[in-house]
Amino acid sequence: MARATVLGRLTWRVATVAAVRDETQNARTIVLDLPDWPGHLAGQHVDVRLTAPDGYSTERSYSIASAPEGNRLELTVDLLPDGEVSPYLARVLSAGDPLEIRGPIGGWFVWRPERPEPVQLIAGGSGVVPLMAMIRTREAGGARAPFRLLYSTRGPEAAFYRDELRRSSENGSGLSVTYAYTREVPQDWERPPGRVDAGLLAQAAWAPEREPISFVCGPTGFVENVADLLVSAGHDPARIRTERFGPSGGQP
Amino acid sequence: MGVIGTVSPGFFGRRRAKAPDLPPGQYLTEDFPVLSAGPTPRISTEAWSFGITTETGEVRRWNWAEFNALAMERPTVDLHCVTKWSKLGTTWEGVPLETLLAGVETSAEYAVAESYGGYTTNLPLEDLLDGKAWIAVRYDGEPITPAHGGPARLLVPHLYFWKSAKWVRGIRLLNDDEPGFWESVGYHNYGDPWREQRYWGD
Ligand SMILES: Cc1cc2nc3c(=O)[nH]c(=O)nc-3n(C[C@H](O)[C@H](O)[C@H](O)COP(=O)(O)OP(=O)(O)OC[C@H]3O[C@@H](n4cnc5c(N)ncnc54)[C@H](O)[C@@H]3O)c2cc1C
């Protein structure tokens, strides 16, 4: 496996929430202002630390959703009803509040705009967040590597960045987007609800002969399943990068 | 370290039952999360072998049958992942590194564990000795599943769990330290959970 980015020392910084924006009924994008942000690569994440008035504090990781641009950073947080941190970020935090973060973290699950090869993105649920940063970075820099996104969500209402993805896939820039719905499908949808399987992958993803680099992100069970399917379809394991979003092993 | 005292307005926390013996920043899980950088390699026991390579290039190698003929220990240990989960009281079965290194002539101070699939992780050699590390082939009485690193994984429970290389195929002994896969991309070179050595500079 290749060596990747070199990172400096990570310190905690206090960001200010510039705005919040609903992505779905359950997910919210948080726009952060960071006066001295060192910049990031598409696919990296930050650690967020929350502190209660009595000094108790806890941390979680969140992928960066935005392309690198100046002092702004966006995170998109999906609310887990029984979670500790995500309900706060997705419901309580509001414009003007401080938020402690450190990063950027991670130099493996990253895409650099100078890479020429086709890119296959495969997301389960909130796993689309770091992949969106790659799509946005590609657009912002006018990069030409062809991109395909296969996005598995419960249903159309649960999909993040829907309008932006539609616009980006219709503007002739070489991004194609395929949805896989696991619970509810729109009317006249050609497939019944279900998981990503070998058939859908063969239809929606780059063929192994194109030698794409694949980025797979989502809940553990989803990532395991999709990465196995890619390997069985003949993709070189060395060209498949995965990011597993923590403990919950279920399908989105 | 960093900014102290930035209270998050409206955050009170939903503290989970506090387990004793948990390093700072860790929470308890009953689950067994899976984290790895790529697809899960599937290595048959027929294809598997384990080798120790010294700093002078000498190799000692065991195939699956030879390896399983070695005396095994059954350590019960706590696991601490840098992604902040800890799992207490897990039981493994494996060969202590001491046994594997017993006949090996070396003056090396460092080791790199190498895995099928290309993963590497580095440790001081002394962290593999004195009953601190095993090459495990069973978890909870069963063969280790591929997702958790089977057929064999390194088990070094006193360091963050990324040091416990899955799908291990060998240990390379070195005079000079050589950062491994995660250590090269921002994770701490040593990784002591009790000192929260998560990233460079911690
Ligand atoms: C690299 C990385 C990037 C990530 N990026 C994103 C992102 O961009 N967007 C995003 O939404 N998420 C992301 N995540 C996931 C995120 O870090 C959190 O795990 C997620 O938001 C849940 O946090 P929480 O505090 O709300 O839930 P937690 O309180 O951590 O709970 C997580 C799960 O554990 C269970 N649980 C809760 N309490 C207990 C208990 N007492 N005992 C046992 N189990 C319990 C709950 O059922 C819940 O489903 C990322 C994770 C990683 C590792």
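Right, let's walk through the structure included here. (Residues numbered from 1 in each chain as written. Chains lettered and ligands numbered in written order. Predicted model: local features only at pLDDT ≥ 70, side-chain atom pairs only at ≥ 80, totals over all residues. Heavy atoms only, no water.)

1. Structural notes on the overall build of chain B
We apply this condition: Runs of H or I in DSSP of at least four residues are treated as helices and runs of E of at least two as strands, each being numbered from the N terminus. Note that the radius of gyration is over C-alpha atoms, with the globule rule given as 2.2 Å times the number of residues to the power 0.38. Note on classification: 1.4 Å probe, protein chains only; a residue is buried when its accessible area is under 20% of the maximum for its type, exposed when over 50%, partly exposed between these limits. A contact between two residues is defined here by any heavy atoms of the two lying within 4.5 Å.
Helix and strand content of chain B: two helices and 11 strands. Helices and strands in chain B line up, N terminus first, as β-β-β-α-β-β-α-β-β-β-β-β-β. Its C-alpha atoms give chain B a radius of gyration of 18 Å, near enough to 17 Å, the size a compact globule of 202 residues would have. Relative to its full complement of 202 residues, chain B shows a buried share of 54%. Counting contacts in chain B only where the partners sit at least 6 residues apart, residues at least 24 apart contribute 65% of the total.

2. Here's the deal with the site of the ligand
For clarity, the cut-off: Any residue with a heavy atom lying within 4 Å of a molecule or strand is counted as near it. Polar contacts, as counted here, are pairs of nitrogen or oxygen atoms within 3.5 Å of one another; within protein the pair requires one atom able to donate a hydrogen and one able to accept it, and residues that are adjacent in sequence qualify only if both atoms are side-chain atoms.
Near the ligand you find 21 residues, and of these Ser61(A), Tyr62(A), Asp82(A), Val85(A) and Ser86(A) are the closest. What surrounds the ligand is not a single chain but chains A and B. The backbone of Asp78(A) places a nitrogen or oxygen atom 2.8 Å from an oxygen atom of the ligand. Asp82(A) has a polar side-chain atom sitting 2.5 Å from an oxygen atom of the ligand.

3. Quick notes on the pairing of strand β7 (residues 120-124) of chain B
Residue and element names in this part refer to chain B. We count it as follows: The rule for pairing is simple: two strands pair if DSSP sees at least two bridges between them.
Taking burial as the measure, the five residues of β7 include four buried ones, the bulk of the element. Both strand β6 (residues 110-115) and β7 contribute to a ladder of five bridges, which runs antiparallel. Across the sheet, the residue bridging to Ala113 is Thr121, located in β7. In this antiparallel pair of consecutive strands, β6 and β7, the connection spans four residues, and Gly117 shows a positive phi of 100°.

4. Quick word on the packing of helix α2 (residues 128-141) of chain A against helix α3 (residues 162-170) of chain A
Residues and elements named next belong to chain A. Convention followed: The axes are straight lines fitted to the C-alpha atoms, using for helices just the contacting stretch, and the angles between their N-to-C directions are given from 0 to 180°. For classification purposes, an angle smaller than 35 degrees is called roughly parallel, one larger than 145 roughly antiparallel, one from 65 to 115 roughly perpendicular, and anything else oblique. A clockwise turn of the near helix away from the far one marks a right-handed crossing, whereas an anticlockwise turn of less than a right angle marks a left-handed crossing. Residue polarity is assigned by list, with Asp, Glu, Lys and Arg as charged and Ala, Val, Leu, Ile, Met, Phe, Trp, Tyr, Cys and Pro as nonpolar; anything else, Gly included, falls into the polar class.
Interaxial distance between α2 and α3 falls to 12 Å at its minimum, and their mutual angle equals 45°. Relative to α3, α2 is oriented oblique. The two elements α2 and α3 cross, and the hand of that crossing is left-handed. For the pair α2 and α3, contact is made by Met132, Ile135, Arg136 and Glu139 and by Glu164, Leu165 and Ser168, respectively. Of the residues belonging to the contact of α2 with α3, the class tally is three nonpolar, one polar and three charged.

5. Concerning the pattern of salt bridges
Pairs can form between side chains of opposite charge once their charged atoms are near each other. Residues and elements named next belong to chain A. Test applied: Any carboxyl oxygen of Asp or Glu that lies within 4 Å of a side-chain nitrogen of Lys or Arg is treated as forming a salt bridge with it.
For the coordinates displayed, the defined rule picks out 23 salt bridges over all chains. Arg21 serves as the salt-bridge partner of Glu23, at 3.7 Å between the closest nitrogen and oxygen. The partner of Asp33 in a salt bridge is Arg72, and the shortest N-O contact between them spans 2.8 Å. Here Asp33, found in strand β2 (residues 27-33), pairs with Arg72, found in strand β5 (residues 72-78); they are 39 residues apart in sequence, far enough to count as distant.

All we've got here are geometric facts, nothing functional implied.
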